[in-house]
Amino acid sequence: GKRKGLSTCVMYDSDESEGSDILVRKVCAKRRCIMDEDESSQEQQPDGACPTENGSASRKEKVLAKLKELVRQSAARRSCSSANCEDSNSEATTEEEPLCQLPLTPSEGSEADSDSIKDFVVEEEENDDDDDIDNTEHVKISRCDHYVHFKRIVKAFLINAIDDSFLSSLYDGTRQKKYAQEMLLSLHYLDDRFIQPRLENLICTSRWKDRYKERVDCYPDVRISLKNAENMSCQACELKRWCKFSVLLSGRLYNSKTLEVDDFMSGDKQVLKVGTVCANRTRVYHNLKHFKYKLYMDCSSVVELDGVEDEPVKDTVERLFSHLEESGWIQKRYNDLEDCMEDADSFQEEK
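Described in the following lines is the structure provided in the data block. (Residues numbered from 1 in each chain as written. Predicted model: local features only at pLDDT ≥ 70, side-chain atom pairs only at ≥ 80, totals over all residues. Heavy atoms only, no water.)

Running from amino to carboxyl end, helix α11 (residues 276-289) crosses helix α14 (residues 329-346) at an angle of 140°, the nearest separation of the two axes being 9 Å. On the basis of the axis angle, α11 is oblique to α14. The hand of the α11/α14 crossing is left-handed. Residue-level contacts link R283, V284, N287 and L288 of α11 to L337, C340, M341, D343 and A344 of α14. (Axes fitted to C-alpha atoms, helices over the stretch in contact; angles between N-to-C directions. Helix = DSSP H or I, 4+ residues; strand = E, 2+ residues; numbered from the N terminus. Parallel < 35°, antiparallel > 145°, perpendicular 65-115°, else oblique. Left-handed = near helix turned anticlockwise from the far one by under 90°. Contact = heavy atoms within 4.5 Å.)

Attention now moves to the nonpolar core. A general trend in soluble globular proteins is that nonpolar side chains are found buried together. If you look at the biggest cluster of nonpolar residues, it comprises 61 residues, and the most contacted ones within it are V154, F157, L158 and V274. It is helix α9 (residues 178-204) that provides the largest number of residues to this core, a total of ten residues. Once residues lying within four places of it in the same chain are set aside, the contact partners of V274 are Y212, C234, Q235, A236, C243, K244, F245, V247 and A279. (Core = buried A, V, L, I, M, F, W, Y, C linked by side-chain atoms within 4.5 Å. Buried < 20%, exposed > 50% of the residue type's maximum accessible area, 1.4 Å probe, protein only.)

Of note, the phi angle at E238 is positive, near 65°, even though the residue is not glycine. Among the structural elements, E238 can be located in the loop between β1 (221-233) and β2 (240-250). One non-glycine residue, L259, lies in the positive phi region at around 65°. Considering the arrangement of structural elements, one finds L259 in the loop between β3 (253-254) and β4 (261-262). L259 gets classed as buried once you look at its relative accessible area, which sits at 3%.

Counting through the fold element by element, R198 comes out in helix α9. Of note is the side chain of R198, whose polar atom sits 3.5 Å from the backbone oxygen of R193. Apart from the residues lying within four places of it in its own chain, the contact partners of R198 are R193, L288, M341, A344 and D345. (Polar contact = N/O pair within 3.5 Å; in protein donor to acceptor, adjacent residues only side chain to side chain.)

Once that is clear, we can look at the sheet that holds strand β5 (residues 270-274). The strand order β1-β2-β5 describes an open sheet built from three strands, whose pairing is antiparallel. For this open sheet the edge positions go to β1 and β5, each flanked by a neighbour on one side alone. Here the average twist between neighbouring strands, direction ignored, is 25°. As defined by bridge partners, β1 adjoins β2 across ten bridges and the pair is classed as antiparallel. Following the sheet pairing, E230 is matched in β2 by C243. (Pairing = 2+ DSSP bridges.)

The antiparallel pairing of β1 with β2 creates a hairpin that spans six residues between the two strands, and E238 there sits at a positive phi of about 65°. With five bridges joining them, β2 and β5 adopt antiparallel strand pairing. Opposite F245, over in β5, you have V274 as the bridge partner.

Here you go:
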């Protein structure tokens, strides 16, 4: 109560008392808006004119109402910066909302209000930038994880090329050390995340018969060549097509996990005549289906060409792996895998 009375007295004395300049300057230093109101009220009065008693009382009430509003807005701003913003003054918050929605003029809001709004907007933009950075980093990390999985698989294949029981011991749970479990995880990652979902999608969007799919699954080698076109039943989908491609399937059967080769009917071959769409799908499907086996065969060739004997398996694997990584061999094989996956993803559904 005392604070309001003092403020009213200061505003009143600033008009009628010459000795109140000191008080006015003190109020101006603390409340700039009060001085603005005071100056506007002075300009509206004729020079040398003294207000009547009723006019003075009316103006004092207006000034007092303005002071209350400014105090309420100031309290709202202070309280919103603390932890008790919701309990401070709901009316002040409601009254300030239009200020955030409409352009501010010098008479409608203080510099503090304008600055606080600008700060709020900038803060949102900075947060958006942070989100973009986080998303970019997430993509980079994901791609990095894929390559880490791939390198583990290459190392596992190098080990198995020297000790052909290694992959079997991973899958049957014999090896429980951390490095072995990480390799097993990466092998599952390659099968379950990269290869199998795309193979299933290629089959679901095709009209292949089960018999043709089983043949493509069993033979690791394929050769697709252009022949004379014939209007006949495609041997992949069994639909009437102009078939001008010959699919030659060959190679030894192998276990899809341990990659152990089965020599039964190793010289068997299958020759099939198919249409253009089925020929392209066969190429994409076969490349992805047998990628892991082909990668293992490449790793085996590296070990065979090395020819170093009487060296611990661990040292041999580390030496060969470092050479393959430094020469870009691993990166090139990983790029080949990405190309196979991209071909599978972009293959359109058969019409």
